[in-house]
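Each chain, letter by letter, is given below.
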Amino acid sequence: MVELAQRFPTQPIMVLNRGISGERAVDMLARFDESVSAERPDLVLWQVGTNAVLRGYEHSKSTFLIRDGVRRMKAIGADVVLIDPQFAPKVIAKPEIEDMVDLISSVAAQENVDVFHRFALMRHWHDIDGMPFEAFLSPDGLHMNDWSYNCFAKALAGAIADAATPRESSNASANATTGETR
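Residues numbered from 1 in each chain as written. Predicted model: local features only at pLDDT ≥ 70, side-chain atom pairs only at ≥ 80, totals over all residues. Heavy atoms only, no water.

1. A word on helix H10 (residues 146-164)
Move 1: With 19 residues, H10 extends 26 Å between its outermost C-alpha atoms, agreeing within 8% with the 27 Å of an ideal straight helix rising 1.5 Å per residue.
Move 2: Buried within H10 are the following residues: Ser 148, Phe 152, Leu 156, Ala 157, Gly 158, Ile 160 and Ala 161.
Move 3: Lining the buried residues of H10 we find helix H1 (2-7), strand E1 (43-47), strand E2 (79-83), strand E3 (114-116), helix H8 (118-128) and helix H9 (133-136).
Move 4: Two to three positions downstream of the cap, the backbone nitrogen of Trp 147 sits 3.1 Å from a side-chain oxygen, assigning the N-cap of H10 to Asn 145. (Helix = DSSP H or I, 4+ residues; strand = E, 2+ residues; numbered from the N terminus. Expected span 1.5 Å × (residues − 1). Buried < 20%, exposed > 50% of the residue type's maximum accessible area, 1.4 Å probe, protein only. Contact = heavy atoms within 4.5 Å. Polar contact = N/O pair within 3.5 Å; in protein donor to acceptor, adjacent residues only side chain to side chain.)

This is the structure we're talking about:
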């Protein structure tokens with residue numbers, strides 16, 4: 001909320017966290033009406049996929065649930081951004097993780113919503129920047145720590161601001177030509 005308020009100082013910004021640790025998409029959708037829909041959000045950021053991979057992943061069921069969730073969010077008039085799983089030892093140890101990351105991007109493309117690629121961001125920190133997992137994960141080896149949540153918040157707010165800010169037509173054409181996605 002702080003990051004968005006800095007980018008949109010004249011707009012009222014309220015961020016509500018309706019996530020519950022450990023839930024899978026089926027659990028989230030079971031409480032969607034009272035937890036999310038009732039708030040009439042303009043934008044829903046849906047972190048999805050990690051718990052499915054950790055606790056028994058079924059590709060077709062996950063595809064259906066994520067697609068259903070996106071459609072329900074769009075039906076209440078909300079814009080939707082899917083956030084893919086975190087890049088962490090407990091997650092990347094599961095062979096299904098790459099499929100889940102691809103599945104989320106595929107559903108997003110099919111449903112015409114955006115994806116914030118947290119998995120790629122965190123992988124970059126580790127593989128390209130050479131950061132050990134301990135630098136951006138909490139001691140449980142799964143959840144992000146304060147530093148990584150801060151970086152995540154800045155990057156996500158920047159992506160939201162970029163998507164919400166009108167562009168000149170020449171920039172939009174250049175982005176489409178280069179295949180840049182948000």
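Anyway, onward from the coordinates.
2. Focus: the pattern of salt bridges
Move 1: The final tally for this structure, using the stated rule, is 10 salt bridges.
Move 2: Arg 24 is the salt-bridge partner of Asp 27, the closest N and O atoms lying 3.9 Å from each other.
Move 3: Under the relative-accessibility criterion, Asp 27 is labelled partly exposed at 27%.
Move 4: We classify Arg 24 as partly exposed; its relative accessible area is 29%.
Move 5: Between Arg 67 and Glu 111 there is a salt bridge, with the nearest N and O atoms lying 3.1 Å from each other. Residue Arg 67 is found in helix H5 (residues 59-75), and its partner Glu 111 is found in helix H7 (residues 97-111); the two are separated by 44 residues along the sequence.
Move 6: A relative accessible area of 9% means that Glu 111 is categorised as buried.
Move 7: Sharing partners across several salt bridges, the network here consists of Glu 3, Arg 7 and Lys 154. (Salt bridge = Lys/Arg side-chain N within 4 Å of Asp/Glu carboxyl O.)

3. Brief notes about H7
Move 1: Taking 1.5 Å of rise per residue, 15 residues should cover 21 Å, and H7 covers 21 Å from first to last C-alpha, within 8% of that figure.
Move 2: Of all the positions in H7, only Ile 97, Met 100, Val 101, Leu 103, Ile 104, Val 107, Ala 108 and Glu 111 are classed as buried. The arc that holds the buried residues of H7, viewed along the axis, is 160°, so those residues lie on one side.
Move 3: Residues of H7 that are buried make contact with helix H4 (50-55), H5, E2, helix H6 (89-92), E3 and H8. (Arc of directions from axis to C-beta.)

4. As for the sheet that holds E1
Move 1: Here we have three strands laid out as an open sheet, ordered E1-E2-E3, and parallel in their pairing. The open sheet is flanked by E1 and E3, the only strands paired with a single partner. On average, each strand axis in the sheet is inclined to that of its neighbour by 25°, with strand direction left out of account.
Move 2: As defined by bridge partners, E1 adjoins E2 across five bridges and the pair is classed as parallel. By the bridge assignment for E2, Val 44 is matched with Val 80.
Move 3: This element, H5, spans E1 and E2 of the sheet and lies at about 165° to E1. (Pairing = 2+ DSSP bridges. Axes fitted to C-alpha atoms, helices over the stretch in contact; angles between N-to-C directions.)

5. A word on the packing of H5 against H7
Move 1: H7 packs onto H5 with a crossing angle of 40° between their chain directions and a minimal axis gap of 10 Å. Every pair of crossing elements has a handedness; the one defined by H5 and H7 is right-handed. For the pair H5 and H7, the contacting residues are His 59, Ser 62, Thr 63, Ile 66, Arg 67, Val 70, Arg 71 and Lys 74 in the first and Asp 99, Met 100, Leu 103, Ile 104, Val 107, Gln 110 and Glu 111 in the second.
Move 2: Here the residues of the contact of H5 with H7 sort into six nonpolar, four polar and five charged. (Left-handed = near helix turned anticlockwise from the far one by under 90°. Nonpolar A, V, L, I, M, F, W, Y, C, P; charged D, E, K, R; others polar.)

6. Comments concerning the side chain of Glu 3
Move 1: Note that Glu 3 resides in helix H1.
Move 2: Residue Glu 3 is classed as buried on the basis of its relative accessible area of 11%.
Move 3: A polar contact is formed between the side chain of Glu 3 and the side chain of Arg 7, at a distance of 3.0 Å.
Move 4: Polar side-chain contacts of Glu 3 include one of 3.1 Å to the side chain of Lys 154.
Move 5: For Glu 3, the residues in contact, after removing those within four places along its chain, are Asn 150, Ala 153, Lys 154 and Ala 157.

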